[in-house]
Amino acid sequence: MDRLEISKLRLRCEIGFSSHEIGKLQDIVVSLVLHVDCRRAGVSDRVEDTVNYRTITKAIINHIDGKQFNLIEKIAEDIAQICIVIYGISRVRVTVDKPSALRFVDNVSIQIRRSSADYPQPVVYLSLGSNIEPSKNIKAALSLLKTRTCVVSTSKAFRTPPFGYDKQAEFLNIAVKVITTYNPFEFKSIVIGDIESALGRVRDPGNKNGPRTIDIDISFWGDLIICNNNVCKNGATSKCDQESTPLQIPDTDSLKRPHVIVPLADLSPSYLHPVTQEPLSSIAQHLTKKDDFRKAFDTVDIYS
């Protein structure tokens with residue numbers, strides 16, 4: 001197997017948990033060794049036939065630069081997951097250096113080796129919504145997600161009218177792409193359950209569409225279809241009781257509700273819905289009746 005090396009990518013982020021480190025940008029240095037097959041590109045001289053290291057480098061910069069982490073171990077793991085799960089690299093070696101991490105020491109570093117066997121789970125898409133201090137609670141939910149998963153990217157935040165119960169404030173809705181080592185059932189009970197509990201989510205049994213501090217749903221789990229807590233094959237969903245399903249993936253609202261599909265399509269417009277095999281952009285255009293589905297709702301800047 002050939003090796004593509006990216007050496008000494010210099011980034012700045014908030015890294016550390018000591019009082020003198022919190023809120024301060026520090027230098028880190030990232031180096032990668034990607035195990036790839038370069039034979040086809042060596043013959044064709046076409047970038048399409050090889051790994052585009054510019055694209056991978058930009059993804060790492062966007063994920064790390066200016067962000068907050070406690071440990072360089074987390075940074076290394078996130079980078080390995082991005083390379084393998086998002087870009088299909090079979091094996092990777094990631095080194096993260098933290099210069100001047102300790103007095104009298106030039107450098108502290110972590111080096112990890114990972115392969116596709118370490119990350120059997122696919123890319124996961126989540127839908128988040130809130131109408132109680134929505135900017136604050138969605139940002140808090142994202143921060144908590146980052147401690148439990150690798151958050152790859154987020155959609156714009158869309159302001160949407162309430163559904164099912166009109167006498168409440170408007171919502172903010174976003175979609176999030178993550179990579180996780182949990183299975184779907186663990187993710188729902190452990191990750192989502194813990195985050196919703198931490199942010200004070202209260203469910204009113206008499207009004208399932210009422211106000212909430214945060215609502216997190218699994219919209220897609222790769223191309224997996226789960227109904228009635230059973231894994232179904234594509235095309236078998238008609239046999240499942242979708243109304244009483246404890247865990248339903250894909251979320252059926254992704255084919256019915258504009259406030260769900262628009263953030264998802266904003267995040268990954270060409271992603272194919274596992275049930276209908278339609279691009280999310282086409283579903284969003286159909287449900288909003290707009291060619292530019294992103295204009296169906298106003299957007300709010302919650303990330304700056």
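Residues numbered from 1 in each chain as written. Predicted model: local features only at pLDDT ≥ 70, side-chain atom pairs only at ≥ 80, totals over all residues. Heavy atoms only, no water.

Q: How should the sheet that holds strand β3 (residues 68-69) be read in this particular structure?
A: Two modes of strand pairing occur in sheets, parallel and antiparallel, and in both the strands are linked by backbone hydrogen bonds. With mixed pairing, the five strands of this open sheet are ordered in space as β3-β1-β2-β4-β5. Because the sheet does not close on itself, it has two edges, and the strands there are β3 and β5 (107-115). Note: strand β4 (residues 91-99) against β5, nine bridges, orientation antiparallel. Its bridge partner lying in β5, R93 is registered against R113. Where helix α2 (residues 53-64) meets the sheet, its contacts fall on β1 (2-15), β2 (25-36) and β3, and the angle it forms with β1 comes to roughly 20°. On the sheet, helix α3 (residues 72-86) packs against β1, β2, β3, β4 and β5 and is oriented at approximately 30° with respect to β5. (Pairing = 2+ DSSP bridges. Helix = DSSP H or I, 4+ residues; strand = E, 2+ residues; numbered from the N terminus. Contact = heavy atoms within 4.5 Å. Axes fitted to C-alpha atoms, helices over the stretch in contact; angles between N-to-C directions.)

Q: Help me understand the side chain of S268, please; the structure alone is not making it clear to me.
A: As for its position among the elements, S268 is in the loop between α6 (258-267) and α7 (280-288). In terms of polar contacts, S268 uses its side chain to reach the side chain of Y125, at 2.9 Å. Once you skip the residues sitting within four places of it in the chain, S268 turns out to touch Y125, K177 and L280. (Polar contact = N/O pair within 3.5 Å; in protein donor to acceptor, adjacent residues only side chain to side chain.)

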